[in-house]
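# Architecture at a glance
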Amino acid sequence: QTSTKPPPTPSPLRSAKFFQANMRILVTGGAGFIGSHLVDKLMENEKNEVIVADNYFTGSKVNLKKWIGHPRFELIRHDVTEPLLIEVDQIYHLACPASPIFYKYNPVKTIKTNVIGTLNMLGLAKRVGARILLTSTSEVYGDPLIHPQDESYWGNVNPIGVRSCYDEGKRVAETLMFDYHRQHGIEIRIARIFNTYGPRMNIDDGRVVSNFIAQAIRGEPLTVQAPGTQTRSFCYVSDMVDGLIRLMEGDNTGPINIGNPGEFTMLELAETVKELINPGVEIIMVENTPDDPRQRKPDITKAKELLGWEPKIKLKDGLPLMEDDFRTRLEVPRKN
Ligand code: NAD
Ligand code: UDP
Ligand code: UDP
């Protein structure tokens, strides 16, 4: 039997666009260093709609300028310590200052951001049934007594020190993630990020790679904090973003270390930056801050096995990419 009725007029809710299998993704802290690179990558997929919520404490709209006005992109000035009522499918929860000088600037606020901020994002994930990924940190291992650090290590953290707002804050955030998972069945992912570097780092944010590169470009002495034998392992930001997306899309809750296992002393890093950027510059020893971890290197066996991920960019190749960005922003072109 054929119908003589005219076809129904499509209602706005039934338009093709509405029924596309778009993924709506919230990135908290998306105006920051890692967050803005993550947004760039997520926006490459035309099925993704990206919403950034950021209070601009350490991030900036400039990092997202190429997306402002894009139909699949939205930017909200929002502090995650306040509730947020929106509809999303995935949440990348990055909001939190990462550089010691910024997270120590208002330590109580740093704790609120980690604890209340993560609680709110978990409440949101619970209400809308979204999957949530937390960017935790290698700082949860504190001044580690095992080396390299794997995910089963519980850490050696000072609960009352000047770094505690950040590292204990992240430890509580991890606890909240697992309690929401066990108690409410929320789909969670936890990345333990090791030191990450690359373009768009704040020039004067006090982190070692950004400090040394800016100092070398400005012709100022490179400030190695004593004793200079302490180690870190540096991951280029595009590798980091790739690892975070694989973790989100995979089946493992984590925690999973994401970092580059190449380990350097701060003196070696200074020598490398000097050699690459400005051989004429001096290296000086300055006072360190309290509770500085003496060594840090990720064991990335889990990331390799469970995510098929490992970093591709070596420090020697990543530093010049960051130098280009810093030279542009500092307006100091290369001499040759
Ligand atoms: P960042 O400081 O550049 O970015 C953090 C962003 O969060 C900024 O845009 C800031 O404005 C925003 N923010 C801070 N507090 C907020 C709040 N209360 N509400 C809303 N937005 C807020 O730092 P990053 O290096 O991009 O780090 C991103 C995440 O990765 C952080 O969670 C950090 O703890 C984690 N992490 C980073 C590193 C690293 O080496 N960069 C290492 C370990 C962990
Ligand atoms: N929350 C939010 N957005 C939501 C749902 C909840 O920001 O869409 C916040 C809410 O304000 C609360 C927190 O998340 O402070 C935890 O929410 P949950 O429902 O788990 O706990 P309850 O509200 O029962 O304390
Ligand atoms: N550091 C340094 N010179 C600087 C800044 C930092 O030698 O100008 C050292 C610092 O003492 C620490 C390491 O570099 O041992 C990494 O410091 P950063 O603040 O970058 O990261 P985090 O301590 O959070 O790993």
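Residues numbered from 1 in each chain as written. Chains lettered and ligands numbered in written order. Predicted model: local features only at pLDDT ≥ 70, side-chain atom pairs only at ≥ 80, totals over all residues.

### A closer look at unusual backbone geometry
Here is the rule: Under the DSSP-based scheme used, a helix requires at least four consecutive residues in state H or I and a strand at least two consecutive residues in state E, with every element numbered from the N terminus.
For the bond running from Ala226 to Pro227, omega is 5 degrees, close enough to zero to count as cis. Locating Pro227 in the fold gives a position in the loop between β8 (222-225) and β9 (231-233). The step from Gly254 to Pro255 runs through a cis peptide bond, and the omega angle for that step is 5 degrees. In this structure, Tyr56 is a non-glycine residue whose phi angle is positive, near 60 degrees. Tracing the backbone shows Tyr56 in the loop between β2 (48-54) and β3 (73-77).

### A closer look at the site of ligand 3
Selection criterion: Should the C-beta atom of a residue, placed from the backbone, lie within 6 Å of a molecule or strand, that residue is near it.
Neighbouring ligand 3 are 13 residues, the closest being Arg207, Val208, Asn211, Gln225 and Met266. Secondary-structure elements contributing two or more residues to the shell around ligand 3 are α6 (208-218) and β8.

### Quick look at the packing of helix α8 (residues 266-277) against helix α10 (residues 315-330)
Quick note on the threshold: Fitting a line to C-alpha atoms yields each axis, with helices limited to the stretch in contact; the angle taken between N-to-C directions then spans 0 to 180 degrees. Angles are sorted into four bins: roughly parallel if under 35 degrees, roughly antiparallel if over 145, roughly perpendicular if 65 to 115, and oblique for all others. With the far helix as reference, a near helix turned anticlockwise by less than a right angle produces a left-handed crossing, and one turned clockwise produces a right-handed crossing. Residues are scored as being in contact if the C-beta atoms we place from backbone atoms lie within 7 Å. Residue classes follow a fixed rule: Ala, Val, Leu, Ile, Met, Phe, Trp, Tyr, Cys and Pro count as nonpolar, while Asp, Glu, Lys and Arg count as charged, and any other residue, Gly among them, counts as polar.
Where α8 contacts α10, the axes come no closer than 11 Å and their chain directions differ by 60 degrees. Looking at the two axes, α8 sits oblique to α10. The crossing of α8 and α10 is right-handed. Here α8 contributes Thr272, Val273, Leu276 and Ile277 to the contact with α10, which in turn contributes Leu315, Lys316, Leu319, Pro320 and Glu323. Classifying every residue of the contact of α8 with α10 by side-chain character gives 6 nonpolar, 1 polar and 2 charged.

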